Amino acid sequence: MEWNLTEAVNYYRKQGAPGDQSAVIALLREMQQENGGAIPRGLLSQAAEGLGVKEGLLLALVKRLPSLRLSDTHILELCAGPNCPKRADLAGFVEKTYGKTGKFTVKTVPCMRMCGKGPNIKWDGVLYHQADEALIRKLVEER
Ligand code: FES
C-alpha cells in the first residue's frame with residue numbers, strides 16, 4: 001500500500017505526538033525512510049500542520065538528531081501506472097521543458113492507486129491530483 005503522510009500523522013498522534021517527542025521523532029524517521037533517505041521540505045511543513053505545531057519545531061529536531069536529514073533538492077515523482085500517463089504525457093513535458101537542467105530530481109513511480117484522481121504527481125513528497133503542465137511549471141518556479 002502507498003505510504004500516506006496523513007495516515008502516518010494520525011497514527012503518531014495516537015502514539016502521543018506532538019506532546020511525546022519520541023512519537024514525533026518516530027514520525028520523522030518514517031518520513032525519511034519512505035522518501036528515499038531524506039525528508040522533503042514540503043512534507044515537513046505538512047507534517048507540522050497535521051500535528052498542529054510550528055515547522056520550526058520539527059526543523060530543530062531534524063537538526064539536533066544526526067540520523068535525520070532534509071533533502072536539499074526538490075523531487076518530482078510522476079505516476080507511471082497504467083492510467084495517469086494516458087491522461088497527460090507529463091514525463092514528456094518535463095523532459096522537453098527541463099531536460100537535464102538539474103533543477104530538480106525526476107522519478108517515475110508505479111501506480112499511486114488513485115487512478116480516478118489522476119494524473120497524480122508528488123512534489124517533495126506532497127501529493128497533487130489532476131496534475132497538468134501548468135501545475136508543474138508553478139511548482140518548479142516557486143521553489
Ligand atoms: S495510474 Fe496513476 S494512480 Fe494509478
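The structure this text deals with has already been given above.
Residues numbered from 1 in each chain as written. Predicted model: local features only at pLDDT ≥ 70, side-chain atom pairs only at ≥ 80, totals over all residues. Heavy atoms only, no water.

Colleague: What is the right way to look at the nonpolar core in this model?
Modeller: Considering soluble globular proteins, one finds that nonpolar side chains tend to be buried as a cluster. Ranked by size, the top nonpolar core spans 26 residues in total, and within it Leu 28, Met 31, Ile 39 and Leu 44 carry the most contacts. Breaking this core down by element, the ones donating at least two residues are helix H1 (5-14), helix H2 (21-33), helix H3 (41-51) and helix H4 (55-64). Broken down by element, the residue count for this core peaks at six residues, all from H2. In terms of nonpolar packing, the next biggest core, distinct from the first, is built from 14 residues, Leu 90, Trp 123, Leu 139 and Val 140 among them. (Core = buried A, V, L, I, M, F, W, Y, C linked by side-chain atoms within 4.5 Å. Buried < 20%, exposed > 50% of the residue type's maximum accessible area, 1.4 Å probe, protein only. Helix = DSSP H or I, 4+ residues; strand = E, 2+ residues; numbered from the N terminus.)

Colleague: Help me understand unusual backbone geometry, please; the structure alone is not making it clear to me.
Modeller: A negative phi holds for most residues other than glycine; trans holds for most peptide bonds. With an omega of 5 degrees, the peptide bond running from Ala 17 to Pro 18 counts as cis. Turning to its location among the elements, Pro 18 is positioned in the loop between H1 and H2. Cis geometry marks the peptide bond from Gly 118 to Pro 119; its omega dihedral reads 0 degrees. With respect to the helices and strands, Pro 119 occurs in the loop between strand S2 (105-109) and strand S3 (121-123). The phi dihedral of Asp 124 falls on the positive side, at around 50 degrees, and the residue is not glycine. Within the fold, Asp 124 resides in the loop between S3 and strand S4 (126-128). With a phi angle near 45 degrees, Gln 130 is a residue other than glycine that sits in the positive phi range. As for its position among the elements, Gln 130 is in the loop between S4 and helix H7 (133-141).

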